[in-house]
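What follows is each chain in one-letter form.
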Amino acid sequence: EPFKVYSPNGKFFIQMIPREEGYGSNVGNGKAFAVGSRQALWEVDWYEHNLVLSNDGVYLIRIGSWGSDESQFTDFAVGFYKNGRELKTYQVKDVLQNKEAVVKTVSHYFWQGDGMPSVTSFSVRSAGKARKPKPPKLGESGLSADGSRYTLYLVDGSGYVFDVDTGSIVEKQA
């Protein structure tokens, strides 16, 4: 189902459009817009539900959901994009320190500290209303108040602070 994710200031959004129906499909694309404009600023050639868009509409953070590769942990964890171009991406194996800490289900595993990411941007599904963002609480993943850092907490209690401008890790929390 198509949906939009708004920047925290509500001035920009990215509209994600799936190409295939079905639970868990990441096939589709997204286009970023300034609110009130029909001209796309940039686009991405993938589909994801867990996104954070910066206040200037330039930066996008893509957060992976559950994983399925329990032997190698090669599932997508987090990616950073500028104007739709990939800056840096990480797999679960790049950030999860204690692989034994994952929460397993019959078909998947959860690697994030709170099970699913906490999206701190305005988010609206096709017929829904925009919600005001809540700043992340201590121990919750989320975007910093100034939008320059993204903190990702993992199920093993560790955390990483990323520079949104480069996607680089600037702090590792044990």
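Just above, that's the structure.
Residues numbered from 1 in each chain as written. Predicted model: local features only at pLDDT ≥ 70, side-chain atom pairs only at ≥ 80, totals over all residues. Heavy atoms only, no water.

A. Main features of the packing of aromatic side chains. By the definition in use, this model includes eight aromatic pairs. When the centroid spacing of 5.9 Å and the interplanar angle of 80° are considered together, the rings of Phe3 and Tyr47 count as edge-to-face. Of this pair, Phe3 sits in strand 1 (residues 3-6) while Tyr47 is found in the loop between strand 4 (42-44) and strand 5 (51-53), placing the two residues 44 residues apart along the sequence. Owing to a relative accessible area of 3%, Tyr47 belongs among the buried residues under this scheme. Their ring planes at 75° and their centres at 5.1 Å tell us that Phe73 and Tyr109 sit as a pair that is edge-to-face. Of this pair, Phe73 sits in the loop between strand 6 (59-63) and strand 7 (76-82) while Tyr109 sits in strand 10 (residues 109-110), and the two are 36 residues apart along the sequence. The pair Phe73 / Tyr109 is uniform in exposure class, with both members buried. (Phe/Tyr/Trp six-rings, centres within 6.5 Å; stacked < 30°, edge-to-face > 60°. Helix = DSSP H or I, 4+ residues; strand = E, 2+ residues; numbered from the N terminus. Buried < 20%, exposed > 50% of the residue type's maximum accessible area, 1.4 Å probe, protein only.)

B. Focus on the side chain of Glu48. Inspection of the secondary structure assignment puts Glu48 in the loop between strand 4 and strand 5. According to the relative accessible area criterion, Glu48 is buried, its value standing at 5%. Those residues within four positions of Glu48 in sequence are excluded, and the remaining contacts are Phe3, Met16, Asn26, Arg62 and Ile63. (Contact = heavy atoms within 4.5 Å.)

C. Main features of the sheet that holds strand 6. Taken together, four strands build an open sheet; the order of strands is 5-6-7-8 and the sheet is antiparallel. Two strands in the sheet have a free side with no partner beyond their single neighbour: strand 5 and strand 8 (85-91). Each neighbouring strand pair of the sheet contributes to a mean axis angle of 15°, computed without reference to strand direction. Bridge analysis of strand 5 against strand 6 gives three bridges, and the strand direction is antiparallel. Residue Leu51 lies in a different strand from strand 6, and its bridge partner there is Arg62. (Pairing = 2+ DSSP bridges. Axes fitted to C-alpha atoms, helices over the stretch in contact; angles between N-to-C directions.)

D. Inspection of the pairing of strand 7 at higher detail. By the criterion of burial, strand 7 is predominantly enclosed, with five of the seven residues buried. Pairing analysis gives five bridges linking strand 6 to strand 7, with the strands arranged antiparallel. Across the sheet, residue Leu60 finds its bridge partner in strand 7, namely Tyr81. Inspection of the sheet shows strand 7 paired to strand 8 by six bridges, in the antiparallel sense. Bridge assignment links Phe80 to a residue of strand 8, and that residue is Lys88. Between strand 7 and strand 8, which pair antiparallel one after the other, the connecting turn spans two residues, and Asn83 there sits at a positive phi close to 50°.

E. Here's a closer look at the nonpolar core. Counting 23 residues, the largest nonpolar core has Ile61, Tyr150 and Phe162 as the members making the most contacts within it. Among the secondary structure elements, those contributing two or more residues to this core are strand 6, strand 7, helix 1 (92-95), strand 13 (149-153) and strand 14 (159-163). Formed by 14 residues, the second largest nonpolar core is a distinct cluster that contains Ile14, Trp42, Val44 and Leu53. (Core = buried A, V, L, I, M, F, W, Y, C linked by side-chain atoms within 4.5 Å.)

That's the geometry; what it means functionally is another story.
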